[in-house]
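This is what each chain is made of:
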Amino acid sequence: MKKIAIFPGSFDPYTNGHHDIVVRGLKMFDEIIIGIGYNSAKKNRYFDIDLMVQKIESVYADEPRVKVMVYNELTSSLAKKTGADFLLRGLRNTTDFEYENTISQMNRKLKDGLETVFLITSPQYSAITSTIIREVHKFGINVNEYLPYPLEE
Ligand code: ADP
């Protein structure tokens, strides 16, 4: 049976840290669905969601095992629909851990057997956060070096 994992997140924007998790995840899973959560509460994204889908798809143009989906429901519901038995998440620090701990327990309750697999960030990416990238981008700084695709020429 195919091992399918969803890598859920806001990806606003998708960074080298996210890419690293997917590349490493491909060694464990047959297919990874990058799920861009789009709930009404977080509607005000900084980077346009369609642009982000297009950019992420370009990164994995030669990797048919990676798919990109925008979803507007519980991650566990997306897992049920797509046949994913795993969630993939990155862990940078204890703040990430505290958050992930409760979410992963809830997800396993919502979909029986849905396991969250955590990968510890690679040290070179541990300081990369989408929040910081948005902050500096607002001030006109070119952020291409933090992203696995060119955002601007
Ligand atoms: P969310 O809004 O759900 O936190 P993000 O887009 O910020 O979504 O992150 C998605 C996932 O990627 C999370 O598991 C997060 O911990 C992980 N992640 C983010 N940045 C990094 C990084 N630099 N290294 C490893 N994992 C990361």
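No experiment lies behind these values; they were computed from the predicted model shown. (Residues numbered from 1 in each chain as written. Predicted model: local features only at pLDDT ≥ 70, side-chain atom pairs only at ≥ 80, totals over all residues. Heavy atoms only, no water.)

## Considerations on the nonpolar core
F7, Y14, V22, I32, I34, I56 and L88 are the most contacted members of the largest nonpolar core, which totals 28 residues. If you list the elements that add at least two residues to this core, you get strand 1 (4–9), helix 1 (16–25), strand 2 (31–37), helix 2 (49–59), strand 3 (66–71) and strand 4 (86–91). The leading source of residues in this core is helix 2, at four residues. Core analysis: the second largest hydrophobic core is formed by nine residues, I33, A79, A84 and L87 among them. (Core = buried A, V, L, I, M, F, W, Y, C linked by side-chain atoms within 4.5 Å. Buried < 20%, exposed > 50% of the residue type's maximum accessible area, 1.4 Å probe, protein only. Helix = DSSP H or I, 4+ residues; strand = E, 2+ residues; numbered from the N terminus.)

## A look at the site of the ligand
Around the ligand sit 17 residues, and of these S10, F11, G90, T121 and Y125 come closest. Within the contact set of the ligand, a nitrogen atom lies 2.9 Å away from a side-chain nitrogen or oxygen of T121. Contact between the ligand and Y125: a nitrogen atom at 2.8 Å from a main-chain N or O atom of the residue. About the coverage of the ligand: the protein hides 88% of its 550 Å² of free accessible area. Elements with a contribution of two residues or more to the shell around the ligand: strand 1, helix 1, strand 4 and helix 4 (94–110). (Near = heavy atom within 4 Å. Polar contact = N/O pair within 3.5 Å; in protein donor to acceptor, adjacent residues only side chain to side chain. Areas by Shrake-Rupley, 256 points an atom, 1.4 Å probe, with all protein chains shown as cover.)

## Looking at the sheet that holds strand 1
Spatially, the five strands line up as an open sheet ordered 3-2-1-4-5, and their pairing is parallel. This sheet does not close on itself; its edge strands, each paired only once, are strand 3 and strand 5 (115–120). Taking the axes of each pair of neighbouring strands and ignoring which way they run, one obtains an average angle of 30 degrees across the sheet. Two elements, strand 4 and strand 5, share six bridges in a ladder whose sense is parallel. When the sheet's bridge partners are listed, L87 is paired in strand 5 with T116. (Pairing = 2+ DSSP bridges. Axes fitted to C-alpha atoms, helices over the stretch in contact; angles between N-to-C directions.)

Structural measurements only, silent on function.
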